[in-house]
Amino acid sequence: MTKKILLISLVALSTNIGYADQTPSKPSPKPVVSSSEPTLEEIDKRITVAKDYLKKLPERISSTQREFEALAEKGNQATEMVKRYLTFSKQCSTAELSGIGEDMCRYASKSDLGTLIKSKKNQLTNAIGFVNGKLKGLQSELDKTDTIRDGIKVLEDVQKILMGTI
Amino acid sequence: MKKRNLIVLAIFGCLSMVSATDAVNLEQYTQMKKKVEVETDDLDKLVISINIQLTSAISQGEKTLKSLEENLIFLKRIESDEDFRECVILQDGIKRLNYSKSVANELLEEKKITQKQHDEFVDKQASRESVLTKNITKYCKK
């Protein structure tokens with residue numbers, strides 16, 4: 001029985017030595033975490049979330065920039081469309097047309113300039129609202145990136161303190 | 001004797017478990033430490049480049065907004081101002097004439113038309129242009 005106990009004790013000791021090989025004997029860092037303090041894992045999670053947020057931001061900004069380009073282009077197209085309609089309507093009313101031209105004028109006159117302008121105005125008003133919203137969002141991002149960076153650095157300091165490296 | 005052995009065994013067991021937990025935690029902490037050190041260097045650069053991109057995007061957004069507002073004002077004026085409609089048609093006519101002239105010059109350079117054909121066309125355009133310009137001063141008042 002005594003031999004058995006000694007054998008088991010030796011096995012336990014050898015396991016201990018195995019782990020001890022992986023750990024530097026001094027200094028032995030131990031997390032100083034009380035129940036009221038955040039754990040290393042909690043801090044690491046927040047740092048990761050903040051860094052991911054920052055890393056994804058450039059692509060989000062690029063996407064907004066592409067939306068701005070597309071909307072500016074749409075706005076110009078809307079006015080060009082109305083200009084084209086006006087010019088063609090004028091040509092229809094002044095030139096002596098026959099055949100294909102007369103036929104096209106007849107079809108074009110069926111569409112109402114007022115309705116066309118109203119629809120384009122709605123598009124532009126919506127686009128203006130959208131761009132205004134996006135601009136507010138971008139300004140808000142600009143206001144908070146420095147805070148997020150500082151927050152990451154502070155949490156990293158806390159992390160180092162908890163790890164006993166400073 | 002039996003009881004004492006059991007106590008010794010329990011102590012060894014506990015020591016072994018505590019040590020194992022410490023080793024796992026240390027490995028985790030070492031990895032975290034490395035990650036923190038590497039990424040902190042890049043963080044400032046990342047945030048500065050984001051701020052530059054944001055500033056540029058805000059500027060682009062403001063330009064887009066201005067352009068959209070101008071287009072909206074343009075449409076509202078077309079809707080309500082008959083003279084302005086005429087002005088837009090005339091200005092569009094001038095734009096087309098200028099484009100026609102530049103195409104005629106290109107065709108002449110490429111010898112796809114003769115000098116005579118080019119001159120006749122440009123003269124015709126010039127007379128149309130003078131009519132348009134005259135009317136523009138009439139209709140395109142601010």
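Residues numbered from 1 in each chain as written. Chains lettered and ligands numbered in written order. Predicted model: local features only at pLDDT ≥ 70, side-chain atom pairs only at ≥ 80, totals over all residues.

Student: Can you explain the overall build of chain A? Please cite residues and give values.
Tutor: A tally of regular secondary structure across chain A gives four helices and zero strands. Looking at the 166 residues of chain A, the share that counts as buried comes to 14%. Considering only residue pairs separated by 6 or more positions, chain A has 83% of its internal contacts joining residues 24 or more positions apart. (Helix = DSSP H or I, 4+ residues; strand = E, 2+ residues; numbered from the N terminus. Buried ≥ 20, exposed ≤ 12 C-beta atoms within 10 Å, placed from the backbone. Contact = placed C-beta atoms within 7 Å.)

Student: Pulling in residues and values, what's your account of the overall build of chain B?
Tutor: A count of helices and strands for chain B gives three helices and zero strands. Reading chain B from its N terminus to its C terminus gives the helix and strand order α-α-α. Expressed as a percentage of its 142 residues, the buried residues of chain B come to 15%. Contacts in chain B between residues far apart in sequence, at least 24 positions, make up 65% of those at least 6 positions apart.

Student: Describe in detail the nonpolar core, supporting the description with residues and values.
Tutor: Nonpolar side chains tend toward joint burial in soluble globular proteins. In terms of nonpolar packing, the biggest core is built from 17 residues, with Leu71, Leu124 and Val131 of chain A together with Leu68 and Leu75 of chain B touching the most fellow members. If you list the elements that add at least two residues to this core, you get α2 (40-94) and α4 (113-163) of chain A together with α1 (2-80) and α2 (82-109) of chain B. Leu57 and Leu138 of chain A together with Ile50 and Leu54 of chain B belong to the second largest nonpolar core, which has six residues in total. (Core = buried A, V, L, I, M, F, W, Y, C linked by C-beta atoms within 7 Å.)

Student: For the confidence of the model for chain A, give the residues involved together with the corresponding values.
Tutor: Residue and element names in this part refer to chain A. Across chain A, the average pLDDT comes to 80, with 77% of residues at 70 or higher. When pLDDT is averaged over each element of chain A, α4 comes out on top at 94 and helix α1 (residues 2-22) at the bottom at 42. With pLDDT under 50 throughout, residues 5-28 is counted as low confidence; its partners more than four residues away or in other chains account for 23 contacts. (pLDDT = per-residue confidence, 0-100.)

Student: So what about unusual backbone geometry? Which residues, and what values?
Tutor: Residue and element names in this part refer to chain B. A positive phi angle, close to 60°, is found at lysine 111, a residue other than glycine. Locating lysine 111 in the fold gives a position in the loop between α2 and α3 (115-139). Assessed through the 8 C-beta atoms surrounding it within 10 Å, lysine 111 is described here as exposed.

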